Amino acid sequence: MQTRSNSHATILLAHGSSDPNWVKPFEQLAGQIRENLDQSGRVELAYMELADPSLEQQVAMLSDDGMTHIDVLPLFFAAGRHLRKDVPLQLAALQRQHLVKLTLHPPVGLEPEVATAISNVVVRKLVGDR
């Protein structure tokens, strides 16, 4: 029987772009997150569109690797149409197809510390530009 630590994973979901310069910071962020977890959890990166790996590819790979529960954490600033409609429908279909539990979390941009960090950067830029 598998334990929670090896049957549970997280997918960081970004929008995606065909521009490799847009994708690179997300790959770096995922790498930093993996380093900070110190092997305590499996974290993969997926894109909704225009870049690989796709959400479908990552769910299939994690399912094939024996994951039974996958958290999907959107790296979005807010919950627009994609996160309110498109992604839930996609996850429902993937959950049926791969027989895994998929849980969609609110976008990281709605976390208070993200708003604080952005506010701090904006204030620093505004004060520094004067």
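Let me sum up the structure you'll find in this document. Everything numeric here is computed off the predicted structure, so don't read it as measured data.

Regarding the overall build of the protein
Reasoning step 1: A count of helical and extended segments in the protein gives five helices and four strands.
Reasoning step 2: Each helix and strand of the protein, ordered N terminal to C terminal, gives the series α-β-α-β-α-β-α-β-α.
Reasoning step 3: Counting only C-alpha atoms and orienting by the principal axes, one finds that the protein spans roughly 60 × 35 × 30 Å.
Reasoning step 4: Here the protein holds 130 residues, and 35% of them are scored as buried.
Reasoning step 5: Look at the contacts in the protein between residues 6 or more apart in sequence, and 72% of them connect residues 24 or more apart.
Reasoning step 6: Total accessible area on the protein is roughly 8,200 Å²; 55% of this is exposed by carbon and sulfur atoms.
Reasoning step 7: The distance from the centre of the 12 positive side-chain charges to the centre of the 15 negative ones in the protein is 7 Å.

Thoughts on unusual backbone geometry
Reasoning step 1: Across the junction of aspartate 52 and proline 53, the peptide omega takes the value 5°, indicating a cis bond.
Reasoning step 2: Within the secondary structure, proline 53 is located in the loop between strand E2 (42–47) and helix H3 (55–64).
Reasoning step 3: One non-glycine residue, leucine 50, lies in the positive phi region at around 70°.
Reasoning step 4: Of the residues examined, leucine 50 reaches a relative accessible area of 57% and is grouped as exposed.
Reasoning step 5: Located in the positive-phi region is leucine 99, a residue other than glycine, with phi close to 55°.
Reasoning step 6: The residue leucine 99 is located in the loop between helix H4 (81–98) and strand E4 (101–104) in this model.

Rules and cut-offs
Residues numbered from 1 in each chain as written. Predicted model: local features only at pLDDT ≥ 70, side-chain atom pairs only at ≥ 80, totals over all residues. Heavy atoms only, no water. Helix = DSSP H or I, 4+ residues; strand = E, 2+ residues; numbered from the N terminus. Buried < 20%, exposed > 50% of the residue type's maximum accessible area, 1.4 Å probe, protein only. Contact = heavy atoms within 4.5 Å. Areas by Shrake-Rupley, 256 points an atom, 1.4 Å probe, with all protein chains shown as cover. Lys, Arg positive; Asp, Glu negative; His and termini not counted. Charge placed at Lys NZ, Arg CZ, Asp CG, Glu CD.

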